Amino acid sequence: MTESKLRDISTDFAVKIIKLCETIKGHYSLVNQLERSATSIGANIHEANYAHGKPDFIAKLQIALKECYETEYWLELFVKSDILNRDTAIDLYNQCGTIRRILIASINTAKENKDVKR
């Protein structure tokens, strides 16, 4: 998968989270955490494309991966706290999981190719 496709998927995911967060009443600090982690995924993927070399590229993708894990946590917390119903969360959780798996594959590929000179 190309990095631009990953950027598109993560941007679409962030937009869905932003729209979701606009519908949640109360729990402002939790909503803020979800919104920040979800939008940070795409921001770090975007920033990786302007990295200063392979190690910086890998570091940015690793930050995006950590943000995926954090976003999954917040989604699960919202479901367990009855702030969000599971049916609404499952699609978002699956999308986040897809991004996470792509990031893991991209990081592994970048690490394997780190020492390869072109």
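Since the structure is predicted, the reported quantities are computational estimates derived from the model, not experimental observations. (Residues numbered from 1 in each chain as written. Predicted model: local features only at pLDDT ≥ 70, side-chain atom pairs only at ≥ 80, totals over all residues. Heavy atoms only, no water.)

1. Section: the overall build of the protein
Helix and strand content of the protein: four helices and zero strands. Here the C-alpha coordinates of the protein stretch approximately 50 × 20 × 20 Å along the principal axes. As presented, the protein carries roughly 7100 Å² of accessible surface, and 51% of it is formed by carbon and sulfur atoms. Charged side chains in the protein number 17 positive and 16 negative. The centres of these two groups are separated by 5 Å. (Helix = DSSP H or I, 4+ residues; strand = E, 2+ residues; numbered from the N terminus. Areas by Shrake-Rupley, 256 points an atom, 1.4 Å probe, with all protein chains shown as cover. Lys, Arg positive; Asp, Glu negative; His and termini not counted. Charge placed at Lys NZ, Arg CZ, Asp CG, Glu CD.)

2. Topic: the pattern of salt bridges
Across all of its chains, the model carries three salt bridges by this definition. Arg100 is paired through a salt bridge with Glu72; the nearest N and O atoms lie 2.9 Å apart. Residue Arg100 is located in helix H4 (residues 86-112), and its partner Glu72 is located in helix H3 (residues 54-80); the two are separated by 28 residues in the primary sequence. Each member of the pair Arg100 and Glu72 is classed as buried. Measuring nitrogen to oxygen at the nearest pair gives 3.3 Å for the salt bridge that ties Glu76 to Arg86. Taken together, the residues Glu76 in helix H3 and Arg86 in helix H4 connect sequence positions ten residues apart. Look at Glu76 and you get partly exposed, because its relative accessible area is 23%. Residue Arg86 is classed as partly exposed on the basis of its relative accessible area of 46%. (Salt bridge = Lys/Arg side-chain N within 4 Å of Asp/Glu carboxyl O. Buried < 20%, exposed > 50% of the residue type's maximum accessible area, 1.4 Å probe, protein only.)

3. Structural notes on the packing of helix H2 (residues 28-48) against H3
Axis separation between H2 and H3 bottoms out at 8 Å; the angle between their running directions is 155°. Overall, the two elements H2 and H3 adopt an arrangement that is roughly antiparallel. Read as a crossing pair, H2 and H3 show a hand that is left-handed. Of the residues belonging to the contact of H2 with H3, the class tally is 16 nonpolar, five polar and four charged. (Axes fitted to C-alpha atoms, helices over the stretch in contact; angles between N-to-C directions. Parallel < 35°, antiparallel > 145°, perpendicular 65-115°, else oblique. Left-handed = near helix turned anticlockwise from the far one by under 90°. Nonpolar A, V, L, I, M, F, W, Y, C, P; charged D, E, K, R; others polar.)

4. Describing unusual backbone geometry
Phi is positive for His27, which is not a glycine, with a value near 55°. Locating His27 in the fold gives a position in the loop between helix H1 (3-23) and H2.

5. Quick look at the packing of aromatic side chains
For the structure on display, the rule yields one aromatic pair. A centroid spacing of 5.0 Å and a plane angle of 70° characterise the contact between Tyr73 and Trp74, whose relative ring orientation is edge-to-face. (Phe/Tyr/Trp six-rings, centres within 6.5 Å; stacked < 30°, edge-to-face > 60°.)

6. Re the environment of Leu34
Relative to the elements of secondary structure, Leu34 occurs in helix H2. Residues in contact with Leu34, not counting those within four places in the same chain, are Ile17, Leu20, Cys21, Thr71, Trp74, Leu75 and Phe78. (Contact = heavy atoms within 4.5 Å.)

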